[in-house]
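Inside the fold
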Number of protein chains: 2
Amino acid sequence: MKRLFMQEVATRDGFQNEKTFIETDDKIALIDALSECGYAKIEVTSFTSPKAIPALRDAEAVMAGITRRPGVEYTVLVPNVRGAERALGCGIDEANLVMSVSEPHNRSNLRMTREQSFAQLTDVIGVIGQGPVAVNVSLSTVFGCPMQGEMSADEVLAWIDRFAALGVRGVTLCDTTGMAYPSQVQALSRQVRERFPHLQLTLHFHNTRGMALANTLGALQAGVDRFDASLGGLGGCPYAPGASGNVCMEDLVHMLDLMGYQTGMDLERVLAASARLPGLIGHDTPGQVLKAGRRLDLHPVPEHVHTLSKQVANAERG
Amino acid sequence: MKRLFMQEVATRDGFQNEKTFIETDDKIALIDALSECGYAKIEVTSFTSPKAIPALRDAEAVMAGITRRPGVEYTVLVPNVRGAERALGCGIDEANLVMSVSEPHNRSNLRMTREQSFAQLTDVIGVIGQGPVAVNVSLSTVFGCPMQGEMSADEVLAWIDRFAALGVRGVTLCDTTGMAYPSQVQALSRQVRERFPHLQLTLHFHNTRGMALANTLGALQAGVDRFDASLGGLGGCPYAPGASGNVCMEDLVHMLDLMGYQTGMDLERVLAASARLPGLIGHDTPGQVLKAGRRLDLHPVPEHVHTLSKQVANAERG
């Protein structure tokens, strides 16, 4: 019964990709429901510029409105010093910093070179300081870049090294566009765990090519115990229109529970929270357990089977 | 580089669930295209009563029309002695017999008790005899029944024992409604391989709850080397409206190729064949690699990145 730690990203990674603005009160109510589900961490929102990501322009109001549950960490995305100052004013538990290990992806996504990003994030870490707020760095495209292709594991390790030297608590290996495959995940996760045993390591999968749950098995085999996922599988990918988004939280928890892992999650509450999403975002979500039911949500025996039973019983009697 | 054997079920398990009748010529053209893809086996059609499954009422015409490629086995579903006689008249390579290890599922799906099914399939095996036509038995709901719930591994092994005693070449463990999970798949596959080392063992997954690729990893860890899958992920499940069907062939091959397995498949041809499906069946399919592209199908670098590159170059120069 290995203990795993589940981290929800729907209200940040998911909502920032939605065209509909989700009302602040609805965000707060959803996060409050999520706080009762057993998460280790919830990525609440992003302190990016309201102009850059209008969907999350209410970051302060959301942080002020939610009811914090002891034992749950509330993390937020922080892109720069201005964002760090705003986030610190809200009493966050953790700042999640993002850059890509791929030069063209970082330029495309963040409109900076990787060195410019690193300099900016170094400043952010300086502002956050050694106080009570933890720092996590999410590294994008570590399993492949949609423009550059294969990424070198050595280069990924070198970037982790630079952030580890700055004293961050954790790193997240992000499969930003669903290019990871299980044996690759296992190999890279093992290297990172061996070289950085003191870092809190999270794996962040997208289900773009259907491999997210298989990749989770690869990570588990390497001893990873911490996973990002998104309620309902929210969070699209601009390079794969029509494809799935983040790995779906309830589908992931459903599988892990069945395998005997101790996720600490209340799957029924997670499913109930996921069922609220279509009403908030105005469309269906890619999650499958919500549609199909949990494995042992049984179905009634059809009427003709009872009739058949009587025939068989009569035949056996006669 | 372990050799795996891929078996296509779309034109039987997939098409029999479609509302639209697919024209005989279209079926033949699709199967001929599939014959060039590297499959070990193709389940062409079903010799059930045309009244029971009108979608496959053209079984003889399809079998007569396809061009058989040496090295590919052409198998068909055979439900009873009448079906066996029709199928033998078409020169099949293998007869695929089906029953469920769950009493309520067998009654619901085949409208017989399991003992009635076993007696009928024993007659079919007698008709096929010890000639050149192989017999495979597909056992439904071995990983769970949507009406009964958990299935006992001992009961599954007992059914395999009874068919092994009749001299069948192979058995297929079918996760008919997507209830299997990876550790369960690994444990049951291992038991079957240990107890029946001479049987050709196939695993047949449905992606109802998103676990099909993860379950494939469980089977691989138990040494399984033969997998059913369906082009485009065709093949719905009546107990899970809106959920996925069979595991998607191209998504499965894409993952296995990346992991270094030798599938013998030409993924490009498989994708081209899958791209024909929406035109035949009148709706989208759940496959993801067709939408997202293969892992290394790269995307162009956006224009603003080039502009940025010039700025950076100028800054570095200046």
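Up top is the structure these notes are about.
These numbers come from a predicted model, not from an experiment.

**Brief notes about the interface of chain B and chain A**
Facing 57 residues of chain B, the contacting portion of chain A comprises 57 residues. Summing both partners gives a buried area of about 4600 Å² for chain B against chain A, and 62% of it is carried by carbon and sulfur. It is B:Arg209, B:Gln288 and B:Arg295 that lose the most area in chain B upon contact with chain A, and together they represent 16% of the buried surface on that side. Our count for the contact surface shared by chain B and chain A stands at two salt bridges.

**Description of the pattern of salt bridges**
Residue and element names in this part refer to chain A. In the structure shown here, the tally under the stated rule is 34 salt bridges over all chains. In this structure, Glu 94 engages Arg 169 in a salt bridge whose closest nitrogen and oxygen atoms are separated by 2.6 Å. Taken as a pair, Glu 94 in strand β4 (residues 94-100) and Arg 169 in the loop between α7 (153-165) and β6 (170-175) lie far apart in primary sequence, 75 residues in all. The network of salt bridges with common partners includes Lys 41, Glu 73, Glu 94 and Arg 169.

**Examining the relation of the copies chain B and chain A**
Least-squares fitting of chain B to chain A yields an RMSD of 0.0 Å, with the transformation described by 0.0 Å of translation along the axis and a rotation of 180 degrees. The superposition of one copy onto the other is thereby described by a two-fold rotation axis. Of every C-alpha in chain B, the one belonging to B:Ala214 sits nearest the axis of rotation, 2.0 Å from it. A share of 100% of interface residues in chain B that are also interface residues in chain A marks the association as one of identical surfaces.

**Looking at the packing of aromatic side chains**
Remark: the centre distance and the inter-plane angle together describe each pair of aromatic rings, the angle taken between the planes. One pass over the full model with this rule turns up six aromatic pairs over all chains. Between the aromatic rings of A:Phe118 and A:Phe163, the centroid separation amounts to 5.0 Å while the plane-to-plane angle is 70 degrees, which identifies the pairing as edge-to-face. Here A:Phe118, found in helix α6 (residues 114-128), pairs with A:Phe163, found in helix α7; they are 45 residues apart in sequence, far enough to count as distant. The burial state of A:Phe118 is the same as that of A:Phe163; both residues are buried. Members of the aromatic cluster, each reached through a chain of ring pairs, are A:Phe118, A:Trp159 and A:Phe163. For B:Arg57, the ring lying beneath its charged end belongs to B:Phe21, and the centroid distance is 3.9 Å. Directly above the aromatic system of B:Phe118 lies the positively charged group of B:Arg162, at a separation of 4.1 Å from the ring centroid.

Criteria and cut-off values
Residues numbered from 1 in each chain as written. Chains lettered and ligands numbered in written order. Predicted model: local features only at pLDDT ≥ 70, side-chain atom pairs only at ≥ 80, totals over all residues. Heavy atoms only, no water. Contact = heavy atoms within 4.5 Å. Buried area = accessible area lost by both parts, 1.4 Å probe. Salt bridge = Lys/Arg side-chain N within 4 Å of Asp/Glu carboxyl O. Helix = DSSP H or I, 4+ residues; strand = E, 2+ residues; numbered from the N terminus. Least-squares fit on C-alpha atoms with pLDDT ≥ 70 in both. Phe/Tyr/Trp six-rings, centres within 6.5 Å; stacked < 30°, edge-to-face > 60°. Buried < 20%, exposed > 50% of the residue type's maximum accessible area, 1.4 Å probe, protein only. Lys NZ or Arg CZ within 6 Å of the ring centre and 35° of its normal.

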